[in-house]
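Residues per chain, in single letters:
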Amino acid sequence: VQEHTATIGFVDDLMIPLFSRANHMFGDAASFTGFVSTTFKEHGMEISLLPHKSALMFFFNGEGCAEAQKKLELVYTIAIPILVKGVVDPTIYAVYRYKHVGTYMGDNGTFTGELRYRMGSMQQAAQPLRKGVLMEPAVDMGSKVVIITSLLLSRGMFQAATWTYM
């Protein structure tokens, strides 16, 4: 019986959580990123390590997290070497926030900053509409709903379904 496996030609928007002790996190991240890079290469793919394409984000909890967080503040300014079978390959950057499909995730693992930005954007867009359209009795309710849905909610909910659930 011959098995058929499909060829993977493209992978996009991949997030892989890595759990490790705080004092081993940076080394484990370098080794694991090397493992992922090697695996991709074995299957004919490459990971783009350019800024804003691939990045490492660190979240710490438990014993040693305060020391690791201090070290991380230094790491944000430098690239982390990727270890491929014990040899340093290219480097990857650590970031305190990551833009995923137009949405920023903060270093606390939440989208709070993004939500604040979107609410502000909706409020800013609503300002000129309040007196000119929404409070105007001559504009029927159906038109007001269409305007709110198309302008305000499109600003607030743009790509919201792509947010990562963690």
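So, how was this worked out
Residues numbered from 1 in each chain as written. Predicted model: local features only at pLDDT ≥ 70, side-chain atom pairs only at ≥ 80, totals over all residues. Heavy atoms only, no water. Helix = DSSP H or I, 4+ residues; strand = E, 2+ residues; numbered from the N terminus. Buried < 20%, exposed > 50% of the residue type's maximum accessible area, 1.4 Å probe, protein only. Contact = heavy atoms within 4.5 Å. Axes fitted to C-alpha atoms, helices over the stretch in contact; angles between N-to-C directions. Parallel < 35°, antiparallel > 145°, perpendicular 65-115°, else oblique. Left-handed = near helix turned anticlockwise from the far one by under 90°. Phe/Tyr/Trp six-rings, centres within 6.5 Å; stacked < 30°, edge-to-face > 60°. Bend = angle between axes of the 7 residues up to and from the residue. Polar contact = N/O pair within 3.5 Å; in protein donor to acceptor, adjacent residues only side chain to side chain. Patch = residues over 30% accessible without salt bridge, like charges linked within 9 Å, V, L, I, M, F, W, Y side chains within 5 Å. Areas by Shrake-Rupley, 256 points an atom, 1.4 Å probe, with all protein chains shown as cover. Salt bridge = Lys/Arg side-chain N within 4 Å of Asp/Glu carboxyl O. Core = buried A, V, L, I, M, F, W, Y, C linked by side-chain atoms within 4.5 Å. Expected span 1.5 Å × (residues − 1). pLDDT = per-residue confidence, 0-100.

Enquirer: Lay out the overall build of the protein chain with the relevant residues and their values.
Expert: Across its full length, the protein chain holds four helices and four strands. A burial count over the protein chain gives 26% of its 166 residues as buried. Put simply, 60% of the contacts in the protein chain that link residues at least 6 apart link residues at least 24 apart.

Enquirer: Run through the packing of helix 3 (residues 112–134) against helix 4 (residues 141–157), naming residues and quoting values.
Expert: Between helix 3 and helix 4, the least distance of the axes is 8 Å, while the angle of their chain directions is 160°. With respect to each other, helix 3 and helix 4 are oriented roughly antiparallel. Crossing angle aside, the handedness with which helix 3 passes helix 4 is right-handed. Taking contact as the criterion, the partners of Arg118, Ser121, Met122, Ala125, Ala126, Leu129, Val133 and Leu134 in helix 3 are, on helix 4, Lys144, Ile147, Ile148, Leu151, Leu152, Leu153, Arg155, Gly156 and Met157.

Enquirer: Provide a residue-level description of the packing of aromatic side chains, including the pertinent values.
Expert: In total, this model carries two aromatic pairs according to the counting rule given. Considering the side-chain rings of Phe32 and Phe35, the 6.0 Å spacing of their centres and the 35° angle between planes classify their relative orientation as tilted. Within this pair, Phe32 and its partner Phe35 are both found in helix 1 (residues 25–42), separated by three residues, close to a single helical turn. By relative accessible area, which is 28% here, Phe32 ends up partly exposed.

Enquirer: Before we move on, can you summarise helix 4 with the specific residues and values?
Expert: Side chains of residues three or four places apart in an α-helix project in the same direction, reflecting 3.6 residues per turn. If you look at helix 4, its biggest bend is around 30°, right at Thr149. Buried within helix 4 are the following residues: Lys144, Leu152 and Gly156. Along its buried surface, helix 4 packs onto helix 3. The N-terminus of helix 4 is capped by Asp140, whose side-chain oxygen sits 3.2 Å from the backbone nitrogen of Gly142.

Enquirer: An account of the environment of Ala30 is requested, with residue identities and associated values reported.
Expert: Structurally, Ala30 can be placed in helix 1. When the C-alpha atoms of Ala30 and Pro81 are compared, they prove to be 6.3 Å apart, with 51 residues separating the residues in sequence. With residues near it in sequence (within four places) discarded, Ala30 still touches Ile80, Pro81, Ile82 and Leu83.

Enquirer: A description of a nonpolar patch on the surface should follow, citing residues and the corresponding values.
Expert: Nonpolar side chains collect at one region of the surface, where Ile148, Leu153 and Met157 lie side by side and expose about 260 Å² of accessible area between them. Secondary-structure assignment places Met157 in helix 4.

Enquirer: Account for the nonpolar core, naming residues and giving values.
Expert: Side chains of nonpolar character tend, in soluble globular proteins, to be buried together. Ranked by internal contacts, the top residues of the largest apolar core, which has 15 residues, are Phe26, Leu56, Phe58, Phe60, Leu72 and Ile80. Here this core takes four residues from helix 1, the largest share from any one element.

Enquirer: I'd like a rundown of helix 1, residues and numbers included.
Expert: Its 18 residues give helix 1 an end-to-end C-alpha distance of 25 Å, which sits within 8% of 26 Å, the value for a rise of 1.5 Å per residue. When we look at burial in helix 1, the residues that qualify are Met25, Phe26, Ala29, Ala30, Thr33, Gly34, Val36, Ser37, Thr38 and Phe40. At the C-terminal side of helix 1, Gly44 shows a positive phi close to 80°.

Enquirer: Break down the confidence of the model for the protein chain for me, citing the residues and quoting the values.
Expert: Scored by pLDDT, the protein chain comes out at a mean of 75, with 73% of its residues at no less than 70. At the level of individual helices and strands, the protein chain shows its lowest average pLDDT in strand 3 (residues 98–100), which scores 65, and its highest in helix 1, which scores 84.

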